[in-house]
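Residue strings, one per chain:
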Amino acid sequence: MWSIIILIFLSIVSYLLTDELIPKIKNLFINAGLFGIDLCKVSKEKIPEAIGVVSGCVFLVTIFMFIPIVFGNDLMDRGNFPHNEFAELLAALLSICCMLLLGFADDVLNLKWRYKLLLPTVASLPLLVVYYVNFNSTTFIVPIPLRPFFGNSVNIGFLYYIYMGMLAVFCTNAINILAGINGLEVGQSAIIAMSIIIFDIIELRGDQFKAHSFSLHIMIPYLATTLALLKHNWYPSKVFVGDTFCYVSGMTFAVVAILSHFSKTVLLFFLPQIINFVYSVPQLFHIIPCPRHRLPKYSAETDLLYPSKTVILKKDMNMLHKYILQVLTLFRLVDKQEDDGCIIINNMTLINLFLIKLGPMSEVRLTSSLLVFQILCTCIAFIVRYPMASYFY
């Protein structure tokens with residue numbers, strides 16, 4: 001318990017340090033050419049990008065400083081030193097460091113999407129190696145309704161490692177594609193982090209005390225630095241967080257999900273991101289035309305955001321296009337307009353879907369609405385994880 005108290009103190013310091021650093025160094029990013037223009041505002045002011053590297057570095061330094069504290073007693077008794085736990089923490093930090101570096105490289109070099117899928121896979125390798133050495137458990141419990149067919153448990157072997165690698169890819173990119181308006185990336189990440197921390201605190205009295213303690217050691221300083229970044233990224237945003245923050249956040253969530261053995265629960269906390277991903281699949285795989293930016297359309301006259309559109313040429317349509325459009329129209333998931341030569345629909349993101357269902361709104365209200373939805377999904381996740389779990393396991 002004393003180690004958690006010290007960690008909370010260090011996290012408060014990391015919050016203050018991040019809050020202090022961001023205003024002081026943002027001009028360095030602008031001078032280096034790392035800046036952008038906020039497309040959802042009239043102002044054409046230069047806003048520094050990739051500032052997520054600041055919170056990411058402070059987050060990592062905080063955990064580095066915490067290592068001798070959490071392992072302090074064991075350092076004096078080298079014969080009983082917990083090498084397995086130490087290797088887990090080092091592997092976690094190595095994976096997060098890799099994503100910090102690769103995310104910053106993406107912000108600077110503007111890498112193609114195929115690399116964005118490859119990089120998290122490579123960065124997750126230290127996690128998978130440590131998991132193999134320390135646990136190598138590839139068995140999962142079968143839900144009660146399916147046990148007559150598959151038994152109580154199934155060992156899926158190497159497929160389990162593929163699942164964990166895909167989890168790292170999903171977590172890093174899921175936050176990245178539900179983004180683009182002030183405060184959304186950082187806000188959703190902060191809510192997911194809070195959800196994991198609450199889950200860890202609930203489970204501390206259970207059999208997996210060490211696993212959830214490990215998760216808290218990662219998530220508490222992460223939340224502190226993320227909240228400091230949110231202060232500067234909230235509307236009207238003074239900084240852009242870049243892919244660096246999305247990659248570090250996603251890998252941090254994947255780290256605790258894999259090494260603390262509650263990946264299914266973490267996925268429950270990602271419910272809005274899963275909905276956004278499934279909804280975006282036709283555009284992500286270029287079945288439906290996908291522009292480079294799918295941000296909402298800003299109107300300077302009303303100071304409101306409207307759903308952005310994409311155009312499907314009828315001469316390029318096939319049966320798959322027609323079937324997808326029929327399904328989307330049936331469930332009222334798109335705002336469709338049609339003429340002789342083309343069909344115009346909204347870009348398929350959760351952000352645009354909110355604008356279709358709730359109507360045009362200001363940027364700050366749209367962000368707030370999406371974050372309220374994230375909180376509601378977290379409540380659903382806890383209901384599924386606790387009251388409803390007895391029906392499945």
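Our structure is the block above this text.
Chains are numbered independently. Their residues run from 1 in the order of the written sequence. Totals for whole chains, interfaces and linings use all residues, but because this is a predicted model, local features are given only for residues with pLDDT of at least 70 and pairs of side-chain atoms are given and counted only at 80 or more. Only hydrogens and water are set aside; all other atoms, that is, all heavy atoms of the structure, feed into the side-chain values.

Draft legend 1. Main features of the packing of helix α9 (residues 184-203) against helix α16 (residues 363-385). Geometry is summarised by axes, namely lines fitted to C-alpha atoms with helices restricted to the contacting stretch, and by angles between N-to-C directions that run from 0 to 180 degrees. Per the convention used, a helix needs a DSSP run of H or I reaching at least four residues, while a strand needs a run of E reaching at least two, with both numbered from the N terminus. Direction vectors running N to C along α9 and α16 enclose 20 degrees, while the axes themselves pass 10 Å from each other. On the basis of their axis angle, the class for α9 and α16 is roughly parallel. Between α9 and α16 lies a crossing of right-handed hand. Across from Leu184, Gly187, Gln188, Ile191, Ile192, Ser195, Ile198, Phe199, Ile202 and Glu203 in α9, the residues of α16 making contact are Thr367, Leu370, Leu371, Gln374, Ile375, Thr378, Phe382 and Arg385. A per-class count over the contact of α9 with α16 returns 10 nonpolar, 6 polar and 2 charged. Orientation labels follow simple angle bins: below 35 degrees gives roughly parallel, above 145 gives roughly antiparallel, 65 to 115 gives roughly perpendicular, and whatever is left gives oblique. Crossing handedness is defined as follows: a turn of the near helix away from the far one that is anticlockwise and smaller than a right angle gives a left-handed crossing, while the clockwise case is right-handed. In what follows, residue pairs with any heavy atoms lying within 4.5 Å of each other are defined as contacts. Here the term charged refers only to Asp, Glu, Lys and Arg, the term nonpolar to Ala, Val, Leu, Ile, Met, Phe, Trp, Tyr, Cys and Pro, and the term polar to all other amino acids, Gly among them.

Draft legend 2. Representation of helix α1 (residues 2-31) in the model. Its 30 residues give α1 an end-to-end C-alpha distance of 44 Å, which sits within 8% of 44 Å, the value for a rise of 1.5 Å per residue. Throughout, the bend at a residue refers to the angle made by two axes, fitted to the seven residues ending there and to the seven starting there. For α1, the principal kink sits at lysine 24 and spans about 40 degrees. Of all the residues in α1, the buried ones are Ser3, Ile4, Leu7, Leu10, Ser11, Ser14, Thr18, Asp19, Ile22, Phe29 and Ile30. Against β1 (35-37), β2 (46-48), α2 (52-70), α4 (83-109) and α10 (209-233) lie the buried residues of α1. Phi turns positive, to about 85 degrees, at glycine 33, one or two residues after α1. Given a helix with a known number of residues, its expected span is that number minus one, times 1.5 Å. Type-normalised accessible area, obtained with a 1.4 Å probe on protein chains alone, sets the label of each residue: buried when under 20%, exposed when over 50%, and partly exposed for intermediate values.

Draft legend 3. Here's a closer look at the side chain of serine 260. With respect to the secondary-structure elements, serine 260 resides in the loop between α11 (242-259) and α12 (263-269). Given a relative accessible area of 2%, serine 260 falls into the buried group. We define a polar contact as two N or O atoms separated by no more than 3.5 Å, with the added condition that, inside protein, one atom must be a possible hydrogen donor and the other a possible acceptor, whereas residues neighbouring each other in sequence contribute only through side-chain atom pairs. Looking at serine 260, its side chain comes within polar contact range of the main-chain oxygen of alanine 211, at 2.9 Å. Beyond its immediate chain neighbours, meaning those up to four positions away, serine 260 contacts Ala211, Phe214, Ser215 and Val255.

Draft legend 4. Representation of the packing of aromatic side chains within the structure. Here the aromatic set is Phe, Tyr and Trp, taking the six-membered ring for Trp, and pairing holds for ring centres within 6.5 Å; pairs whose planes are under 30 degrees apart are stacked, those over 60 apart are edge-to-face, and all others are tilted. For the coordinates displayed, the defined rule picks out 15 aromatic pairs. Centre to centre, the rings of tyrosine 131 and tyrosine 161 are 5.9 Å apart; their planes meet at 80 degrees, and the pair counts as edge-to-face. With tyrosine 131 in helix α6 (residues 125-134) and tyrosine 161 in helix α8 (residues 158-177), this pair connects stretches of sequence that are 30 residues apart. Taken individually, tyrosine 131 and tyrosine 161 each receive the classification buried, so the pair is uniform in this respect. Pairing phenylalanine 170 with phenylalanine 270 gives two aromatic rings, centres 6.0 Å apart and planes at 55 degrees, and the pair type is tilted. A residue pair is termed long-range when its members are at least 10 positions apart, and phenylalanine 170 in helix α8 and phenylalanine 270 in the loop between α12 and α13 (271-284) qualify at 100 residues. Among the residues examined, phenylalanine 170 registers a relative accessible area of 19% and is labelled buried. On the basis of relative accessible area, phenylalanine 270 is assigned to the buried category, the value being 0%. Among the aromatic side chains, those forming a connected cluster through ring pairs are Phe59, Phe170, Tyr222, Phe253, Phe270 and Phe277. Only lysine NZ and arginine CZ atoms are considered, and such an atom sits over a ring when it is within 6 Å of the ring centre and within 35 degrees of the ring normal. Directly above the aromatic system of tyrosine 386 lies the positively charged group of arginine 385, at a separation of 5.1 Å from the ring centroid.

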